[in-house]
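Structure at a glance
Listed here are the chains, written in short residue letters.
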Amino acid sequence: MRRYKALNPQVKGKVVGEMTHLLAQALDYFSAGKKDMANKWAQKARRVGMKYKVKMPTQLRRQICKKCHAFLVVGKNLMIRTKEGNVVYHCKECKHMMKYRYR
Ligand SMILES: [Zn+2]
């Protein structure tokens, strides 16, 4: 089994910064009507996290569909509702529902 070194906290900060930057660019592409490019940039943000084994922060993670990995924007291809103590995210690209508990 391959062993991994513990991640330097400075690296984690840089990776999260990179993810934020990539998703901001994805939003720019999305607003410009380039949906495929937005999805590509969302994929890049995911990949960076996987490469350095850094979990994506919650607010960033919810901008990407868990099933089809599309970049999501509220009112465009994402619908958010509350239902039975959950916040439900509907991806309009693949009709996938993501539920998050709230208190
Ligand atoms: Zn989806």
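The sections below set out a description of the structure shown in this document. Note that the coordinates shown come from a computational prediction; the quantities given were computed from them, not determined experimentally. Throughout, residues of each chain are indexed from 1 in the direction in which the sequence is written. With the structure being a predicted model, the display of local features is reserved for residues of pLDDT at least 70 and the display and counting of side-chain atom pairs for 80 or more, all residues being used for whole-chain, interface and lining totals.

**Observations concerning the nonpolar core**
Side chains that are nonpolar tend, in soluble globular proteins, to be buried together. Core analysis: the biggest nonpolar cluster contains 18 residues, and Ala26, Ala42 and Phe71 have the highest contact counts within it. Numbering goes from the N terminus for both helices and strands, where a helix is a DSSP run of H or I of at least four residues and a strand is a run of E of at least two. Elements supplying a minimum of two residues to this core: helix H1 (9-31), helix H2 (35-52) and strand S2 (86-91). Residue contributions to this core peak at six residues, all from H1. When near neighbours in sequence (up to four residues on either side) are disregarded, Ala26 contacts Ala38, Trp41, Ala42 and Phe71. Here a nonpolar core is just a set of buried residues of the types Ala, Val, Leu, Ile, Met, Phe, Trp, Tyr and Cys, joined wherever their C-beta atoms sit within 7 Å. Exposed residues have 12 or fewer other C-beta atoms within 10 Å of their own C-beta, buried residues have 20 or more, and residues in between are partly exposed; the C-beta atoms are placed from the backbone. For the purpose of contact definition, each residue receives a C-beta atom placed from its backbone, and two residues are in contact when these atoms lie within 7 Å.

**Quick look at the sheet that holds S2**
The rule for pairing is simple: two strands pair if DSSP sees at least two bridges between them. Strand order across the open sheet formed by three strands is S1-S2-S3, with antiparallel pairing between neighbours. The open sheet terminates on both sides in strands that have one partner only, identified here as strand S1 (78-83) and strand S3 (97-101). Averaged over all pairs of adjacent strands, the angle between strand axes in this sheet comes to 20°, irrespective of strand direction. Of the pairings in the sheet, the one linking S2 to S3 comprises five bridges and is antiparallel in character. Considered in S3, the bridge of Tyr89 is made with Met98. All axes here are fitted lines through C-alpha atoms, helices being fitted over the stretch that makes contact, and every angle between N-to-C directions spans 0 to 180 degrees.

**Comments concerning the pairing of S2**
Both S1 and S2 contribute to a ladder of six bridges, which runs antiparallel. Note on S2: the bridge partner recorded for Ile80 is Tyr89. Hairpin geometry of S1 and S2 is characterised by an intervening segment of two residues between the two adjacent antiparallel strands and by a positive phi of about 50° at Glu84. Hairpin connection of S2 to S3: five residues between the antiparallel strands, including Lys95 at a positive phi of 65°.

Worth remembering: the numbers are spatial, not functional.
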